[in-house]
Amino acid sequence: MTSALIADGLTKRYGRRTALSDCTLDIPAGHVVGLVGPNGAGKSTLLQLACGLLDPTTGRIEALGERPVSGSPRVGFVAQDTPVYAGLTVAEHLRMGAHLNPSWDAGLADRRIAQVGLDPAQKAGKLSGGQRAQLALTVAAAKRPDLLLLDEPVAALDPLARRNFLQGLMELTVEQGMSIIMSSHLVADLERVCDHLVLLVGSRVRVAGDVDDLLAGHHRLVGPRREPAEVGSGRHVVEQSHTDVQSTLIVRSTAPIDDPAWQVDRLGLEDIVLAYMSGPGGQR
Ligand SMILES: Nc1ncnc2c1ncn2[C@@H]1O[C@H](COP(=O)(O)OP(=O)(O)OP(=O)(O)O)[C@@H](O)[C@H]1O
């Protein structure tokens, strides 16, 4: 299967500031991918490299098997500030989209606008932040790109709108086979819709993989105090905390943890992300 995104030794510097450092990734196509990480980790930079708005300083990036070129109809991008034309109505946005894009899906656009309750006659400049985000996503999706890149698309949405929006994204991948890569700080939301996750911390890829594999491969161990080296081979301690008598470890393990001294708990995606962000190599 084609990859949605490949990065190989990808580095991006703005002057002396390094925004992305030696990133290597292979993200499969046909998934909803969550891109997470603290402020300034390099998420927007990666998305802008993926759509050709930026060029790498060194290394290689490919979107859908090609070097990204800005304006490609195969790759859609919705920037963080959800750009719309303030003086145009919702309907005029859709007409302009239809005029400029040969692959425009008018049915999809009209359906989404009705679903999210936007008034076609309203000027975009008079929409709320969340409504603008919905309009920008509708325009991007109706162009029917094969890969849709969304930079914090749900930040301005209320919880119900967020749920509907994320549901809409899943439908786009299932019905249209679209690949979606979406940055967000709302990991609990991502857990519901993403089947793949990339965590950037301090300009580097800290962890990337299939969400089910990440959930199955990480555990919280609580037991009598031990040093991380004592947890055994094939186990990587992501985060640790200790009292005089007890250790709590977040561990990545390919093998089952069968030592009866440990109480073993499963983790949610948010726990895993937080462990990598605060464990060694994660602190900013
Ligand atoms: N145009 C620019 N010029 C100089 N430095 C920049 C520029 N854009 C981003 N940076 C720097 O690059 C780093 C990565 O920024 P980026 O916007 O990619 O992070 P982010 O993960 O998207 O952050 P956030 O979650 O806050 O949106 C930051 O240190 C930022 O200050």
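The protein is annotated in an unreviewed UniProt entry as ABC transporter ATP-binding protein of Actinoplanes aureus.

Participant: So what exactly am I meant to see when it comes to unusual backbone geometry here?
Facilitator: Negative phi characterises most residues that are not glycine, and trans characterises most peptide bonds. If you check the backbone angles, Leu64 has positive phi at about 50° while not being a glycine. With respect to the secondary-structure elements, Leu64 resides in the loop between strand 4 (58-63) and strand 5 (75-78). Accessibility expressed as a relative area gives 10% for Leu64, which makes it buried.

Participant: What exactly am I supposed to notice about the sheet that holds strand 7 (residues 179-183) here?
Facilitator: Here six strands make up an open sheet; going across it, the order is 5-6-7-3-8-9 and the pairing mixed. A single partner strand is all that each edge strand has here, and the edge strands are strand 5 and strand 9 (204-210). Taking the axes of each pair of neighbouring strands and ignoring which way they run, one obtains an average angle of 15° across the sheet. Strand direction decides the pairing type here: strand 3 (residues 32-36) and strand 8 (residues 196-201), joined by four bridges, are parallel. Bridging from a neighbouring strand, Val33 pairs with His196 of strand 8.

Participant: I would appreciate a short explanation of the nonpolar core in the present structure.
Facilitator: A general tendency of soluble globular proteins is for nonpolar side chains to be buried together. Core analysis: the largest hydrophobic core is formed by 51 residues, its most contacted members being Leu135, Leu148, Leu150, Leu169, Leu172, Ile180 and Met182. Domain assignment of the residues forming this core places at least three in each of domain 1 (3-202) and domain 2 (213-278). If near-sequence neighbours (up to four positions away) are discounted, Met182 is found in contact with Val32, Val33, Gly34, Leu35, Leu150, Pro153, Leu166, Leu169, Leu190, Val193 and Cys194. The next biggest cluster of nonpolar side chains, apart from the first, holds 27 residues, and it includes Ala29, Leu47, Ala63 and Leu200.

Participant: Sorry, what's going on with the site of the ligand here?
Facilitator: Near the ligand, the surroundings consist of 14 residues, among which Asn39, Gly40, Lys43, Ser44 and Thr45 are the closest. Side-chain polar atom of Glu152 to an oxygen atom of the ligand: 3.5 Å apart, as the coordinates give it. Protein chains bury 65% of the 640 Å² of accessible surface belonging to the ligand in isolation. The set of elements that each furnish at least two residues to the shell around the ligand consists of strand 2 (17-28) and helix 1 (43-50). At three residues, the largest contribution of residues to the shell around the ligand is made by helix 1.

Participant: How should I be thinking about the side chain of Ser247 in this particular structure?
Facilitator: For Ser247, the location among the structural elements is in strand 12 (residues 246-253). Within the structure, the side chain of Ser247 is placed 2.7 Å from the side chain of His242, a separation counted as a polar contact. Excluding anything up to four places from it in sequence, Ser247 contacts Leu221, Val222, Gly223, Pro224, Arg225, Arg226, Ser241, His242 and Trp262.

Basis of the calculations
Sequence order as written defines residue numbering, which begins from 1 separately in each chain. Totals for whole chains, interfaces and linings use all residues, but because this is a predicted model, local features are given only for residues with pLDDT of at least 70 and pairs of side-chain atoms are given and counted only at 80 or more. Side-chain figures throughout are based on the complete set of non-hydrogen atoms in the structure, without hydrogens or water. Helix numbering and strand numbering both begin at the N terminus, where a helix is a DSSP run of H or I of at least 4 residues and a strand a DSSP run of E of at least 2. The buried label applies to any residue whose accessible area, calculated with a 1.4 Å probe on protein chains only, is under 20% of its type's maximum; exposed applies above 50%, and partly exposed to all values in between. Should DSSP find at least two bridges between two strands, the strands are taken to pair. Angular values range over 0 to 180 degrees, each being the angle between N-to-C directions of two axes fitted as lines to C-alpha atoms, with helices fitted over their stretch in contact. For our purposes a nonpolar core is just a set of buried Ala, Val, Leu, Ile, Met, Phe, Trp, Tyr and Cys residues, chained together by side-chain atoms within 4.5 Å. What fixes the domain bounds is an automatic or database domain assignment. Working rule for contacts: check all heavy atoms of both residues, and any pair within 4.5 Å makes them a contact. A cutoff of 4 Å decides nearness: a residue is near a molecule or strand if any of its heavy atoms lies inside that distance of it. Any N or O atom pair separated by 3.5 Å or less is treated as a polar contact, with the protein-specific requirement of one donor-capable and one acceptor-capable atom, and with residues adjacent in sequence counted only for side-chain atom pairs. Under the convention used here, a 1.4 Å probe and the Shrake-Rupley method define accessible areas, while residue burial counts only the protein chains that appear.

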